[in-house]
Amino acid sequence: MLNLKFSHNAHIQFRPIRPSDLEVLEKLHADMFPIRYESEFFQNVVNGRDIISWGAVDCNQPNGQDDELIGFVTARIVLAKDSEIEDFLRYDSARSNHTLVYILTLGVAEGYRNLGIASSLIHEVIKYASTIPTCRAVYLHVISYNNPAIYLYKKMSFRCIRRLPAFYFINSQHYDAYLFIYYMSGGRSPCSPIELIALLVTYAKSGFKKAAAKLWRNESR
C-alpha cells in the first residue's frame, strides 16, 4: 500500500496519465478497489488506447516525488445507441453519432482525501465531455455501500437513475450498484411523472384558452 500521509501544504496539479505512471497506478487501484484489473487495462490507460485519463499530483511532496500520482480518473467514450442508458436519454435517436463518456475508475490516495481532488478530477471529465459536440451525458456505476462516492456524485449534480441488483460479484458475493448520470448538451432525462403532469396541465390550460377565445369570437359576431 502506498504510504502517502498528508502532513504538508499540498499543491495539486492535474495532467494526463502517462507510461511512467504505470507502477503507481497499479498500486493505487490495488489499494482502493476490491476488483482486480487486468494488466491490459493499465496498459491501455497509460498509453491512451481507447481510454482517456487524468492524474492528480502533489507538487509539494516532501519526499521529492513531486510528479507521483496521488489521484486518478479513467474514462471511455461510447456510442449512446450501444449503451445501457440509451432509454434514459431524451435525444434524437435517429442520429447514430451521439456519444457518452463512461467513467471507469476514480480514486484518491488515502492521505489526500477530503481536499476536493476527486471533485476536480470529475470536473476534468465533464469539461472534456463538454468539448465533444455529440456527447449527451457522463455516466458511471458505484457500488451500493460506497456512501462517500454516492454523496459526491449527488453533490456534483449526477442523477441516481437506477439500482442494479447483484451488479458486482466480489469475493464470491454479489453487491448492488447505482447508476448515476450527468446530463449535458441536450441529453436530458425522459419526463418524470411530475414533469408529465405539469406538461399535461400546460396543454390543458392552453386548450382551454383557445376554446374560450373561439367561443368569445363566436359570441361577438
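Before any of the text, the structure's been laid out above.
Residues numbered from 1 in each chain as written. Predicted model: local features only at pLDDT ≥ 70, side-chain atom pairs only at ≥ 80, totals over all residues. Heavy atoms only, no water.

Asks: Quick question: what am I supposed to make of helix α1 (residues 22-32) here?
Replies: Two residues of an α-helix separated by three or four positions point the same way, owing to the 3.6 residues in each turn. Here α1 has its buried residues at Val24, Leu25, Leu28 and His29. Angular distribution of buried residues about the axis of α1 spans 135 degrees; they occupy a single face of the element. In this fold, the buried residues of α1 make contact with α2 (39-46), β3 (69-79) and β4 (99-108). (Buried < 20%, exposed > 50% of the residue type's maximum accessible area, 1.4 Å probe, protein only. Helix = DSSP H or I, 4+ residues; strand = E, 2+ residues; numbered from the N terminus. Arc of directions from axis to C-beta. Contact = heavy atoms within 4.5 Å.)

Asks: Would you take a moment to explain the side chain of His98 for this structure?
Replies: Assignment of secondary structure puts His98 in the loop between β3 and β4. Within the structure, His98 has its side chain in polar contact with the side chain of Arg136 (distance 3.2 Å). (Polar contact = N/O pair within 3.5 Å; in protein donor to acceptor, adjacent residues only side chain to side chain.)

Asks: What's the story with the sheet that holds β4 in this structure? I'm lost.
Replies: The strands making up a sheet associate through backbone hydrogen bonding, with each pair oriented either parallel or antiparallel. Read from one edge of the open sheet, seven strands run β1-β2-β3-β4-β5-β7-β6, paired in mixed fashion. Both outer strands of the open sheet, β1 (12-15) and β6 (159-170), are each paired with one neighbouring strand and no more. Going across the sheet, the axis of each strand differs from the next one's by a mean of 25 degrees, ignoring polarity. Inspection of the sheet shows β4 paired to strand β5 (residues 135-143) by four bridges, in the parallel sense. When the sheet's bridge partners are listed, Leu100 is paired in β5 with Ala137. Here helix α3 (residues 117-130) sits on the sheet in contact with β1, β2 (52-58), β3, β4, β5 and β7 (173-183), set at roughly 160 degrees to β4. (Pairing = 2+ DSSP bridges. Axes fitted to C-alpha atoms, helices over the stretch in contact; angles between N-to-C directions.)

Asks: Looking at this structure, I do not really get the pattern of salt bridges. What am I missing?
Replies: Between side chains of opposite charge, a pair can form when the charged atoms approach closely. Applying the stated criterion across every chain, the model contains seven salt bridges. Ionic pairing is found between Arg15 and Asp67, a salt bridge with its closest N-O pair at 3.1 Å. Here Arg15 is found in strand β1, whereas its partner Asp67 is found in the loop between β2 and β3, with 52 residues between them in sequence. Under the relative-accessibility criterion, Arg15 is labelled buried at 11%. In the salt-bridge network here, residues are joined through shared partners; they are Arg15, Arg18, Asp21 and Asp67. (Salt bridge = Lys/Arg side-chain N within 4 Å of Asp/Glu carboxyl O.)

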